[in-house]
Amino acid sequence: MVESQKCLDPTSFGLFLVAVVSLPLAITQLFNETFTVGPSSWFFVVLGVLLIIVALLAYKSESNFGFIVFGLVGAAVLLTGLGMNAWENITFSLVFILAIIWSILVKTPKALSLILVTTALIFLTVGLSNAEVIGGDYWHWLIGLAALFNFFFNIYLSYALALDGRIPVF
């Protein structure tokens, strides 16, 4: 198989990494009776560092939006591995909501805005479930669904970008 010699935008790689983070989270939350052990803290630390590297590559590629968003996602994933608390999760969700507004203003693909929505939902639901602000045993469903949609949107957009137009970007 022959690939193009053109340099690939780091966005596709970053989206694949976010998908890798999202799927095990979704599985362990949606099937928490079956899979009682989720991803390890090292899983989040390593992927958080890789996402920060993607942010630096986006900066080098002169992608301001990619630099900021992948930097935020990388920091949030890294801090998750290091034991981020409920209010830090909620804070990241609020910052991702601001990134959604920025995404709409600069007219990024709608799929990217949807990824930011599901990312904000993941951090919000994790934060609220741990803050004990609102009780209940349904949080794992909300976290799992947000993570599953996040996985699908990330896989779709990463393939669409990597395949350079063979899959439409919406």
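The structure under discussion appears in the preceding block.
Quick look at the structure, then. Quick caveat: nothing in here was measured; it's all calculated off a predicted structure. (Residues numbered from 1 in each chain as written. Predicted model: local features only at pLDDT ≥ 70, side-chain atom pairs only at ≥ 80, totals over all residues. Heavy atoms only, no water.)

### Concerning unusual backbone geometry
Which entries qualify depends on this criterion: Secondary structure elements follow DSSP: runs of H or I of four or more residues count as helices, runs of E of two or more count as strands, with numbering from the N terminus. Exposure classes here rest on a 1.4 Å probe applied to the protein chains alone. A residue is buried below 20% of its type maximum, exposed above 50%, and partly exposed in between.
Phi at Glu-62 is positive, roughly 65 degrees, even though this residue is not glycine. Along the chain, the position of Glu-62 falls in the loop between α2 (41-60) and α3 (64-81). Judged by its relative accessible area of 72%, Glu-62 is exposed. Phi is positive for Lys-107, close to 60 degrees, though the residue is something other than glycine. Secondary-structure assignment places Lys-107 in the loop between α4 (86-105) and α5 (110-131). For Lys-107, a relative accessible area of 71% translates into the label exposed.

### Considerations on a nonpolar patch on the surface
The cut-off we apply is this: Note on patches: the residues involved have over 30% relative accessible area and no salt bridge, like charges join within 9 Å, and the nonpolar side chains Val, Leu, Ile, Met, Phe, Trp and Tyr join within 5 Å. Reported accessibility uses the Shrake-Rupley method at a 1.4 Å probe radius. Residues are deemed covered only where the shown protein chains occlude them. Just to be clear on terms, a salt bridge is a Lys or Arg side-chain nitrogen sitting within 4 Å of an Asp or Glu carboxyl oxygen.
A grouping of Ile-68, Leu-94, Ile-97, Leu-98, Ile-101, Trp-102, Leu-105 and Val-106 is seen on the molecular surface, where their side chains present a nonpolar patch of about 740 Å² in accessible area. With six residues, the single largest contributor to the nonpolar patch is α4. On the secondary structure map, Ile-97 appears in helix α4.

### Looking at the side chain of Thr-28
Applied cut-off: Pairs of N or O atoms are called polar contacts if they sit within 3.5 Å, as long as, within protein, a hydrogen donor faces a hydrogen acceptor (for residues adjacent in sequence, only side-chain-to-side-chain pairs).
Inspection of the secondary structure assignment puts Thr-28 in helix α1 (residues 10-30). One polar contact links the side chain of Thr-28 to the main-chain carbonyl oxygen of Pro-24, over a distance of 2.9 Å.

### Looking at the packing of aromatic side chains
In plain terms, the rule: Pairing of aromatic side chains requires ring centres within 6.5 Å, counting the rings of Phe and Tyr and the six-membered ring of Trp. Pairs whose planes differ by under 30 degrees are stacked, by over 60 edge-to-face, and all others tilted.
Summed over all chains, the structure comprises eleven aromatic pairs. Ring centres of Tyr-59 and Phe-67 lie 5.1 Å apart, and the angle between their planes is 55 degrees; this geometry places the pair in the tilted category. Taken together, Phe-92, Phe-96 and Phe-123 form an aromatic cluster joined through their ring pairs.

### Topic: the side chain of Thr-118
Here is the rule we go by: Contact criterion: two residues are considered in contact whenever any of their non-hydrogen atoms come within 4.5 Å of each other.
With respect to the helices and strands, the residue Thr-118 is situated in helix α5. In terms of polar contacts, Thr-118 uses its side chain to reach the backbone carbonyl oxygen of Ile-115, at 3.0 Å. Beyond its immediate sequence surroundings of up to four residues, Thr-118 is in contact with Ala-146, Phe-149, Asn-150 and Phe-153.

### Overview of the packing of α4 against α5
For any two helices packed against each other, one specifies the inter-axial angle together with the distance between the axes. For clarity, the threshold we go by: Axis definition: a line fitted to C-alpha atoms, over the contacting stretch in the case of helices. Angles run 0 to 180 degrees between N-to-C directions. Under this scheme an angle from 65 to 115 degrees is roughly perpendicular, one under 35 degrees roughly parallel, and one over 145 degrees roughly antiparallel; angles in between are oblique. Here a crossing is called left-handed whenever its near helix is offset anticlockwise from the far helix by less than a right angle, and right-handed whenever the offset is clockwise.
Packing of α4 against α5 leaves a shortest axis separation of 7 Å and a crossing angle of 160 degrees. As far as their axial angle goes, α5 and α4 are roughly antiparallel. In this structure, α4 meets α5 at a crossing whose hand is left-handed. Within the contact between the two elements, α4 uses Ala-86, Trp-87, Asn-89, Ile-90, Phe-92, Ser-93, Phe-96, Ile-97, Ala-99, Ile-100, Ser-103 and Ile-104 and α5 uses Ser-113, Leu-116, Val-117, Thr-119, Ala-120, Phe-123, Leu-124, Val-126, Gly-127, Leu-128, Asn-130 and Ala-131.

### Quick word on the nonpolar core
Just so we agree on the cut-off: The set of buried Ala, Val, Leu, Ile, Met, Phe, Trp, Tyr and Cys residues whose side-chain atoms join them within 4.5 Å is what this entry labels a nonpolar core.
Ranked by internal contacts, the top residues of the largest apolar core, which has 27 residues, are Leu-51, Phe-70, Val-73, Val-77, Phe-96 and Leu-116. Counting residues per element, the ones that place at least two in this core are α1, α2, α3, α4 and α5. Ignoring any residue separated from it by four or fewer positions in sequence, one finds Val-73 in contact with Val-18, Leu-51 and Phe-96. Ranked by size, the runner-up nonpolar core spans seven residues in total, among them Ala-26, Ile-122, Val-126 and Ile-143.

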